[in-house]
Amino acid sequence: MLSTHTRTPLRNDWTLDEVEALLNLPFSDLLFRAQGVHRAHFDPNRIQVSTLLSIKTGACPEDCGYCAQSAKHEAQLEPEPLMPVEDVLEIAQQARHGGATRFCMGAAWRNPTDKNLEKVVRMVEGIHALGMETCVTLGMLTAAQAHRLKDAGLDYYNHNLDTSPEFYGQVITTRTYQDRLDTLEHVRAVGLKTCSGGILGMGESRRDRASMLRQLANLPAHPESVPINLLVQVEGTPLFGREALDPFELVRVVAVARILMPASYVRLSAGRSEMSDELQALCFLSGANSIFYGERLLTAPNAESDRDRQLLDRLGLSFEEVEAERTDPGACNKTTEHRISL
Ligand code: SAM
Ligand code: DTB
Ligand code: SF4
């Protein structure tokens, strides 16, 4: 049952100063506000859970400064070609037996070729047939490729803005911010649900963080899922050795994402294995309501599953199945979620 907290219409006309002012609020005031929004739209004691698999690893032509999978960096990573469809389906089936409800597949591509896309289509169809939701992150997509994935039954496409337009050039030079916005538009236009967020702790300023959040919130429709990644520092990548982010800054960003995109799932994504239980609890308190569950992200370790189960148990958070369809008056998006017990 949703609480007595009032829902306000979703907005996509935020100014940068407004978003920065939210980030600058006294910590208690910010969390209080985020919690009110969270409770108006979600059961605050439930967490959506996704499982990740890297279906094609490393040897990527892009130069994203944070990424272990770029061929342009010196990270120690064994590249692996696109996995056979049958192997992926077997892993998805195991995840299904373990209780996972959404299976996300990532590929280290600048963009998929049409030939590779057909293999991914077969994976999506097979996983869909297992009764799981599907999400893929394959790089840039054309409008036609987005259509193909939608027709195959794909639920979500993940494509992150990563950072602010102003800071972007210091992180990636091989594709533009506009390329990313174009892919998100192709995804939205065919009716796929969008998963888009960014990375913190890359050396960006608070204003950059505000600017990234504003970009996400001002998209024509809020992404249904907003991953907030904390940089996983990988030796051999240009961003290795960046000064660690103040953990309270992560909590602030989660809270502002919750306020700006009230009906979206805010996912506490990469970097949880380095976070204390207390920091994760603060993120859940400030509106995070989704995680990646499982021992591995794409190439980096994730928080251990036992530890996650214990933490959620200690906090009284559950992964139970819920089907909730939310529409707001004046809303710019609509979300349907399925979750079951793990
Ligand atoms: N190659 C595709 C692309 O970049 O669009 C899809 C896979 S890519 C690995 C997916 C996302 O993972 C990136 O956009 C980035 O936000 C996140 N990511 C990659 N490496 C990371 C790291 N070291 N720390 C935090 N997030 C990371
Ligand atoms: C997202 O925003 N975070 C996930 C998922 N989308 C694909 C990926 C995190 C990758 C972390 C580094 C690694 O595992 O290589
Ligand atoms: Fe390639 Fe994606 Fe890594 Fe960028 S983030 S280097 S596109 S795998």
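Residues numbered from 1 in each chain as written. Chains lettered and ligands numbered in written order. Predicted model: local features only at pLDDT ≥ 70, side-chain atom pairs only at ≥ 80, totals over all residues. Heavy atoms only, no water.

Trainee: Before we move on, could you go through the overall build of the chain and cite the residues and values that matter?
Mentor: What the chain contains, in helices and strands, is 10 helices and 11 strands. Once the C-alpha set of the chain is aligned to its principal axes, its extents read approximately 50 × 40 × 40 Å. Every one of the 342 residues in the chain was classed for burial, and the buried ones make up 58%. Here the chain carries 35 positive and 46 negative side-chain charges, and the mean point of each set is 3 Å from the other. (Helix = DSSP H or I, 4+ residues; strand = E, 2+ residues; numbered from the N terminus. Buried < 20%, exposed > 50% of the residue type's maximum accessible area, 1.4 Å probe, protein only. Lys, Arg positive; Asp, Glu negative; His and termini not counted. Charge placed at Lys NZ, Arg CZ, Asp CG, Glu CD.)

Trainee: Could you give an account of helix H6 (residues 177–189), with specific residues and numbers?
Mentor: With 13 residues, H6 extends 18 Å from end C-alpha to end C-alpha; this agrees with the ideal 18 Å at 1.5 Å per step. Looking only at H6, the buried set comprises Tyr 177, Arg 180, Thr 183, Leu 184 and Val 187. Buried residues of H6, viewed axially, fall in a sector of 125°; they line one side. Looking at the buried side of H6, the elements it contacts are helix H5 (143–151), strand E4 (156–158), strand E5 (193–195) and helix H7 (206–217). One or two residues past the end of H6 sits Gly 191, with phi positive at roughly 90°. (Expected span 1.5 Å × (residues − 1). Arc of directions from axis to C-beta. Contact = heavy atoms within 4.5 Å.)

Trainee: For the site of ligand 3, give the residues involved together with the corresponding values.
Mentor: The environment of ligand 3 is formed by Cys 60, Glu 62, Cys 64, Tyr 66, Cys 67, Ser 70, Ala 108, Trp 109 and Arg 175. Of the residues contributing to the shell around ligand 3, the split by class is six nonpolar, one polar and two charged. (Near = heavy atom within 4 Å. Nonpolar A, V, L, I, M, F, W, Y, C, P; charged D, E, K, R; others polar.)

Trainee: Could you give an account of the environment of Glu 243, with specific residues and numbers?
Mentor: Turning to its location among the elements, Glu 243 is positioned in the loop between strand E7 (225–230) and helix H8 (247–260). Residues Glu 243 and Met 202, 41 residues apart in the sequence, show an inter-C-alpha distance of 8.1 Å.

Trainee: Pulling in residues and values, what's your account of the site of ligand 1?
Mentor: Around ligand 1, a shell composed of 16 residues is seen, among which Tyr 66, Ala 107, Asn 160, Asp 162 and Val 232 lie nearest. The contact in question runs from a nitrogen atom of ligand 1 to an N or O atom on the backbone of Tyr 66, over 3.1 Å. Across the complex, the protein chains shield 90% of the 560 Å² of accessible surface that ligand 1 would expose by itself. The residue makeup of the shell around ligand 1, split by class, is nine nonpolar, five polar and two charged. (Polar contact = N/O pair within 3.5 Å; in protein donor to acceptor, adjacent residues only side chain to side chain. Areas by Shrake-Rupley, 256 points an atom, 1.4 Å probe, with all protein chains shown as cover.)

Trainee: Run through unusual backbone geometry, naming residues and quoting values.
Mentor: Phi at Ala 59 takes a positive value of approximately 55°, unusual for a residue other than glycine. Mapped onto the elements, Ala 59 comes out in the loop between strand E1 (48–56) and helix H3 (85–97). The backbone of Asp 162 shows a phi angle near 75°, a positive value even though the residue is not glycine. Secondary-structure assignment places Asp 162 in the loop between E4 and H6.

Limitation: the analysis is restricted to geometry and does not speak to function.
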